[in-house]
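# Residue-level structure breakdown
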Amino acid sequence: MEKITFIPDDTEEEVDFYVLEETRLNGVDYILVTDSQEEDGEALILKDLSGDGEAEALYEIVEDDEELESVGRVFEQLLEDVDITL
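Residues numbered from 1 in each chain as written. Predicted model: local features only at pLDDT ≥ 70, side-chain atom pairs only at ≥ 80, totals over all residues. Heavy atoms only, no water.

### Side note on the packing of aromatic side chains
Counted according to the given criterion, the structure contains two aromatic pairs. Both rings, one in F6 and one in F17, keep their centres 5.5 Å apart while their planes meet at 70 degrees; by these two values the pair is edge-to-face. Here F17 lies in strand β2 (residues 15-25) and F6 lies in strand β1 (residues 2-6), a separation of eleven residues in the sequence. In terms of burial, F6 and F17 fall into one category: buried. Both rings, one in F6 and one in Y59, keep their centres 5.7 Å apart while their planes meet at 80 degrees; by these two values the pair is edge-to-face. Linking F6 in strand β1 with Y59 in strand β5 (residues 59-61), this pair joins segments that are 53 residues apart in sequence. A relative accessible area of 17% places F6 in the buried class. Relative accessible area serves as the criterion here: at 28%, Y59 is assigned to the partly exposed category. (Phe/Tyr/Trp six-rings, centres within 6.5 Å; stacked < 30°, edge-to-face > 60°. Helix = DSSP H or I, 4+ residues; strand = E, 2+ residues; numbered from the N terminus. Buried < 20%, exposed > 50% of the residue type's maximum accessible area, 1.4 Å probe, protein only.)

Geometric descriptors of this kind do not, in isolation, establish any biological role.
Quick look at the structure:
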């Protein structure tokens, strides 16, 4: 499982997440991440807002209910053994 480090805008503290899956939907890249590699943890769906060719990715938590449901269903299909509760 790939580990990625985020630095939220409102703090300089680094936060590590583990990538469970990634997908592209309607030209937008999404990643499903969790805060725990070993046990059940909090999962988030993040949307890539960075432009093509940018050195660093810019991710935003998906909060729109309709978008969250659509992307969540895709991740559930990709990860057959994972139940995503939205």
